[in-house]
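Coordinate analysis (summary)
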Amino acid sequence: GIYVDLTMGGGGHTREILKHLGPKGHLLSFDQDPDAEANAPDDERHTFVASNFRFLRGALRLRGIEGVDGILADLGVSSHHFDAKHRGFSFSGDAPLDMRMNTRAKLTAADIVNTYSNEALAKIFAEYGELDTTWKIANCIERARTASPITTTSGLVDAVRPCTPPKDEAKFLTKLFQALRIEVNGEMEALKMALEQSLKLLKPGGRLVVISYHSLEDRIVKNF
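Let us look at the structure shown here. (Residues numbered from 1 in each chain as written. Predicted model: local features only at pLDDT ≥ 70, side-chain atom pairs only at ≥ 80, totals over all residues. Heavy atoms only, no water.)

The secondary structure content of the protein amounts to 10 helices and 5 strands. A globule of 224 residues ought to have a C-alpha radius of gyration of about 17 Å, and the protein, at 19 Å, matches this closely. Each principal axis of the C-alpha distribution contributes one length, and for the protein these read about 60 × 35 × 30 Å. The buried share among the 224 residues of the protein stands at 48%. (Helix = DSSP H or I, 4+ residues; strand = E, 2+ residues; numbered from the N terminus. Rg over C-alpha atoms; globule rule 2.2 N^0.38 Å. Buried < 20%, exposed > 50% of the residue type's maximum accessible area, 1.4 Å probe, protein only.)

Here it is in structure tokens:
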């Protein structure tokens, strides 16, 4: 059959699928991160697609594929992104406030925290981070950026320190960074687009498998 791994990342799922694939089968693995291509297996049954999975159907049609037997999506940020400290996905340590999965994209987390209005920041933190009293967080950021631009992960941690719960600091910062990462990469919209396209691509009896890690993704997938 023909299968698709929408989120190749480190290549773990890709290699596992290839183990079970027959000699005539084929697997296409998507990843928008240029670093991911280095993890692509050297196998004639495999094709690496350097693209965001929101362009799933177009990328397959470009390769003459109108239908597939299975699609896998392992959502969220990969361990590779957390390990690459300079990419700014983690609040441990100090790095440029980036968070782009596609390093060719223009919008960074620094752009968001320094240019978005109070209202827009509060909305992002509420919707994508499911945080409480988000207007306080937005005010903390506005005060800090008025003094000087927030350009690093440690700078953001310092900016929100006045409104960080002492007992739940790690949980709070995880949600805050998650919200910014989702906005930077347009993750929810990309997920909705890929899910809709999967209906048009899957052959009768085909399977769609989605691994999600937080309630936002979970709701979208279950409702779909």
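What follows continues from the structure just given.
Another point: the nonpolar core. The biggest cluster of nonpolar side chains holds 54 residues, and the ones touching the most others in it are Phe 125 and Leu 156. Here this core takes 8 residues from helix α8 (residues 169–185), the largest share from any one element. Those residues within four positions of Leu 156 in sequence are excluded, and the remaining contacts are Leu 97, Val 113, Ile 141, Ile 150, Leu 176, Phe 177 and Leu 180. (Core = buried A, V, L, I, M, F, W, Y, C linked by side-chain atoms within 4.5 Å. Contact = heavy atoms within 4.5 Å.)

On to the sheet that holds strand β2 (residues 26–30), then. The strand order β3-β2-β1-β4-β5 describes an open sheet built from 5 strands, whose pairing is parallel. Edge positions in the sheet fall to β3 (46–49) and β5 (202–211), since each of these pairs with one other strand and no more. This sheet shows a mean twist of 15° between the axes of neighbouring strands, independent of strand direction. The pairing of strand β4 (residues 68–74) with β5 spans 6 bridges and is parallel. (Pairing = 2+ DSSP bridges. Axes fitted to C-alpha atoms, helices over the stretch in contact; angles between N-to-C directions.)

Although it is not a glycine, Glu 130 adopts a positive phi angle of roughly 50°. Relative to the helices and strands, Glu 130 is located in the loop between α5 (118–127) and α6 (134–147). Residue class for Glu 130 comes out partly exposed when judged on its relative accessible area of 35%. With phi around 40°, Thr 133 is a residue other than glycine that occupies positive phi space. The exposure class of Thr 133 is partly exposed, given its relative accessible area of 44%.

This paragraph deals with the packing of helix α9 (residues 187–201) against helix α10 (residues 215–223). Two quantities define a packed helix pair, namely the angle between the helix axes and the distance between the axes. Two elements in contact, α9 and α10, have axes separated by 11 Å at closest approach and are oriented at 20°. With respect to their mutual orientation, α9 and α10 come out roughly parallel. Where α9 crosses over α10, the two elements pack in a sense that is right-handed. Two secondary-structure elements touch here, α9 through Glu 187, Met 188, Leu 191, Lys 192 and Leu 195 and α10 through Leu 216, Glu 217, Ile 220 and Val 221. (Parallel < 35°, antiparallel > 145°, perpendicular 65-115°, else oblique. Left-handed = near helix turned anticlockwise from the far one by under 90°.)

Position of Ile 71 relative to the elements: it lies in strand β4. Given the relative accessible area of 2%, Ile 71 is considered buried. When the C-alpha atoms of Ile 71 and Leu 201 are compared, they prove to be 9.2 Å apart, with 130 residues separating the residues in sequence. For Ile 71, the residues in contact, after removing those within four places along its chain, are Val 4, Leu 6, Leu 56, Ser 198, Leu 202, Arg 207, Leu 208 and Val 209.

Turning to a nonpolar patch on the surface, a few remarks are in order. Side chains of Leu 199, Leu 208 and Phe 224 sit close together on the surface and give an oily, nonpolar patch of about 270 Å² of accessible area. In this structure, Leu 208 sits in strand β5. Residue classification places Leu 208 among the partly exposed residues on the basis of a relative accessible area of 31%. (Patch = residues over 30% accessible without salt bridge, like charges linked within 9 Å, V, L, I, M, F, W, Y side chains within 5 Å. Areas by Shrake-Rupley, 256 points an atom, 1.4 Å probe, with all protein chains shown as cover. Salt bridge = Lys/Arg side-chain N within 4 Å of Asp/Glu carboxyl O.)

One pass over the structure, following the stated rule, counts 0 disulfides. Considering cysteine sulfurs only, Cys 163 is the nearest to Cys 140, which forms no disulfide, with 3.0 Å between them. (Disulfide = S-S within 2.5 Å.)

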